[in-house]
Amino acid sequence: MAFTVKMAIAAMEKFNAVIEEKKEYLTDLDSAIGDADHGINMNRGMKRIMEKVRGKEYADFGGIFRDVAMTIMSVVGGSAGPLYGTFFMKFGQKLGTKSEASAGEMADALQEGLAGVMSLGKSAPGDKTMVDSLEPALRALKESADGDEAAAWNKAVAEAEKGVEATIPMLARRGRSSYLGERSIGHQDPGATSSLYLISCFRDAFLEG
Amino acid sequence: MIGIMVVSHSADAAKGIRDIAAGMSGAGDDVPIVGVGGNDTGGLGVSVGKIFDALSEILPKSDGVLIVPDLGSSILSSRTAVGLLPPEDAARVIISDAPILEGAMMAAVEASGGSDLAAVANSAKEARDLQKSDH
């Protein structure tokens, strides 16, 4: 079974729903080390994305993720806007005119998206950012993409979960939380958390077919 | 002439800093200076779209543009907006590491003398060393 454009739209619907459900949780995480706007910002961004995407016909991944990227960039005022926007833009550009993708091709796109985020934010694994859940997910998806694709997606989510937990003892080196220095230690990173949700939504959309 | 773009989380701050830089530098109307700030609904935040639109407007009127951002997502959003420009336009934009007010001011002074983008960027960066007090 391949990942389809229809699944991509379903994944965005799911991401919108999860963000809505978890917006207060994300904001709580962000109020400990950031400016307490991550949940609200992502919620606003995803709602606007769905207004744009719902009911529209997309022939390929490039089209849908371009709409997603441009909307989140212009609506979300915090760093999440440009970071997620760049992620979706690079992700969609890599898949381009494809309308179906294997787990291996999805991993390649994820890698482009992650590279875009790291280059924009000048961040690396271990800096206590969204990279810390996306990077382990990518590694897992890549390693197991040639076998059972459902298992590969499950592995990606499991590794992203571990990645999120691993942000708790980390010292923040990027963004608003890095101004806190040592006081950022002991808190889970909100960006890594929302990125885990994104990976889970891709997985769920794939499993549901 | 090199243009200057002040990018802040606040539309009021962006406009105020723009006015100070334009007024106190003596650059007058010679140097295109714009202030961009606030999210898409006018609240605190930064919008990639607003920065992109402002760049698209100021670039045809200038030889290059120095962006002087405040912090955090102002920098990320500026980088993202520059990345959306055609490569030949993106090559004419520099994002400054200078403090926002002092940097915009020094850049305006340098730009009013007709300097190129590298010189304007350099002057803005030197604003870091302006001493205000011994503490």
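Scroll up to find the structure.
Along each chain, residues carry numbers from 1 onward, in the same order as the chain's sequence is written. All chains are assigned letters beginning at A, and all ligands numbers beginning at 1, according to the order in which they are written. Local features in a predicted model are, by the rule used here, given only for residues with pLDDT of at least 70; side-chain atom pairs are given and counted only at 80 or more, and totals for whole chains, interfaces and linings are based on all residues. The side-chain numbers reported here are obtained from all heavy atoms of the structure, hydrogens and water having been left aside.

I'd love a proper account of the interface of chain A and chain B, names of residues and values included.
Throughout, a residue-residue contact means that at least one pair of heavy atoms, one from each residue, lies within 4.5 Å. Counting residues at the interface gives 18 residues for chain A and 16 residues for chain B. Values labelled buried area give the accessible surface lost by two parts on being combined, using a 1.4 Å probe and summing over both. Summed over both partners, the interface of chain A with chain B buries about 1,100 Å², with 57% contributed by carbon and sulfur atoms. In terms of surface lost to chain B, no three residues of chain A exceed Met 73, Gly 77 and Leu 120 of chain A, which account for 36% of the buried area on that side. Here, a salt bridge means any Lys or Arg side-chain nitrogen found within 4 Å of an Asp or Glu carboxyl oxygen. Connecting chain A to chain B are two salt bridges. Where Asp 40 of chain B meets Arg 44 of chain A, a salt bridge forms, and the shortest distance between an N and an O atom there is 3.1 Å. Definition of a polar contact: a pair of N or O atoms within 3.5 Å, with one able to donate and the other able to accept a hydrogen when the atoms are protein atoms, and with sequence-neighbouring residues admitted only if both atoms are side-chain atoms. In this assembly, chain A and chain B are joined by two residue pairs in polar contact (both at pLDDT 80 or more).

Could you give an account of the pattern of salt bridges, naming the residues involved and the relevant values?
By the definition in use, this model includes 17 salt bridges over all chains. Lys 56 of chain A is paired through a salt bridge with Asp 67 of chain A; the nearest N and O atoms lie 2.7 Å apart. Placement of the pair is Lys 56 of chain A in the loop between helix 2 (38-53) and helix 3 (61-75) and Asp 67 of chain A in helix 3, with a sequence separation of eleven residues. Owing to a relative accessible area of 13%, Asp 67 of chain A belongs among the buried residues under this scheme. The salt bridge involving Arg 128 of chain B is made with Asp 97 of chain B; its shortest N-O contact spans 3.5 Å. Placement of the pair is Arg 128 of chain B in the segment after helix 6 (117-126) and Asp 97 of chain B in the loop between strand 4 (93-95) and helix 5 (100-112), with a sequence separation of 31 residues. Partly exposed describes any residue whose relative accessible area lies between the buried limit of under 20% and the exposed limit of over 50%, with all areas from a 1.4 Å probe on protein chains only and scaled to the type maximum. Residue class for Arg 128 of chain B comes out partly exposed when judged on its relative accessible area of 47%. According to the relative accessible area criterion, Asp 97 of chain B is partly exposed, its value standing at 46%. The way it works is that DSSP assigns letters per residue, a run of H or I at least four long becomes a helix, a run of E at least two long becomes a strand, and they are numbered from the N terminus.

Tell me about the nonpolar core, and name the residues and values.
Residues Phe 65 and Phe 202 of chain A together with Met 5 and Leu 55 of chain B are the most contacted members of the largest nonpolar core, which totals 81 residues. Here, nonpolar core means buried Ala, Val, Leu, Ile, Met, Phe, Trp, Tyr and Cys residues that are tied together by side-chain atoms lying within 4.5 Å of each other. Core analysis: the second largest hydrophobic core is formed by 21 residues, Ile 2, Val 31, Val 68 and Ile 100 of chain B among them.

Residue-level account of the pairing of strand 2 (residues 33-37) of chain B, with values.
Side-chain direction in a regular strand flips from residue to residue, so the side chains alternate between the two faces of the sheet. Residues and elements named next belong to chain B. When DSSP finds at least two bridges between two strands, those strands are taken to pair. Pairing of strand 1 (residues 2-8) with strand 2, which is carried by five bridges, proceeds in the parallel orientation. Paired with Ile 4 across the two strands is Ile 33, which belongs to strand 2. For the segment spanning strand 1, helix 1 (residues 11-24) and strand 2, crossover handedness is right-handed. Crossovers are described as right-handed under a simple rule: with the strands pointing away from the observer, the path leading from the first strand over the helix to the second runs clockwise.

Please give an account of the sheet that holds strand 4 of chain B that cites residues and values.
Residue and element names in this part refer to chain B. Taken together, four strands build an open sheet; the order of strands is 2-1-3-4 and the sheet is parallel. The sheet is open, and its two borders are formed by strand 2 and strand 4, each paired with just one other strand. For this sheet, the mean angle separating the axes of adjacent strands, direction not counted, is 20°. Sheet analysis places strand 3 (residues 64-69) next to strand 4, joined by three bridges and oriented parallel. By the bridge assignment, Ile 67 is partnered in strand 4 with Ile 95. Only the contacting stretch of a helix is used when fitting its axis, a line to C-alpha atoms as for every element, and angles between N-to-C directions run 0 to 180 degrees. Strand contacts of helix 2 (residues 48-58): strand 1, strand 2, strand 3 and strand 4, with the helix running at about 165° to strand 1, the strand carrying the most contacts. Taken strand by strand, helix 3 (residues 73-84) contacts strand 1, strand 3 and strand 4, and its axis lies near 155° from that of strand 3.

Outline empty space enclosed by the protein, listing residues and values.
Residues and elements named next belong to chain A. Both site types are read off a 1 Å grid over the protein atoms alone. A 1.4 Å probe that fits but cannot get out defines a cavity, while an open set with protein on both sides within 12 Å along at least five of seven lines defines a pocket; lining residues have an atom within 4 Å of a point. Grid points are joined across faces, edges and corners, and a volume is the space filled by probe spheres set on the points. Following the criterion strictly, the structure yields one cavity of 30 Å³ or more and no others. Roughly 30 Å³ of internal volume is contained in the largest cavity. Lining the largest cavity, in full, are Phe 91, Met 106, Leu 110, Leu 141, Trp 153, Ile 199 and Phe 202. Those elements that provide at least two residues to the lining of the largest cavity are helix 5 (103-121) and helix 8 (190-208). Side-chain classes follow a simple rule in which Ala, Val, Leu, Ile, Met, Phe, Trp, Tyr, Cys and Pro form the nonpolar group, Asp, Glu, Lys and Arg form the charged group, and the remainder, Gly included, forms the polar group. A breakdown of the residues in the lining of the largest cavity according to their chemical character gives seven nonpolar, no polar and no charged.

Which residues make up helix 6 of chain B, and what values do they have?
All names here are of chain B. Looking at helix 6, one finds that the buried residues are Leu 117, Val 120, Ala 121, Ser 123 and Ala 124. Down the axis of helix 6, the smallest arc covering the buried residues is 160°, so these residues share one side. Those residues of helix 6 that are buried lie in contact with strand 1, strand 3, strand 4 and helix 5. Along the arc lie the directions from the helix axis toward the C-beta atoms.

Nothing here speaks to function; it is all geometry.
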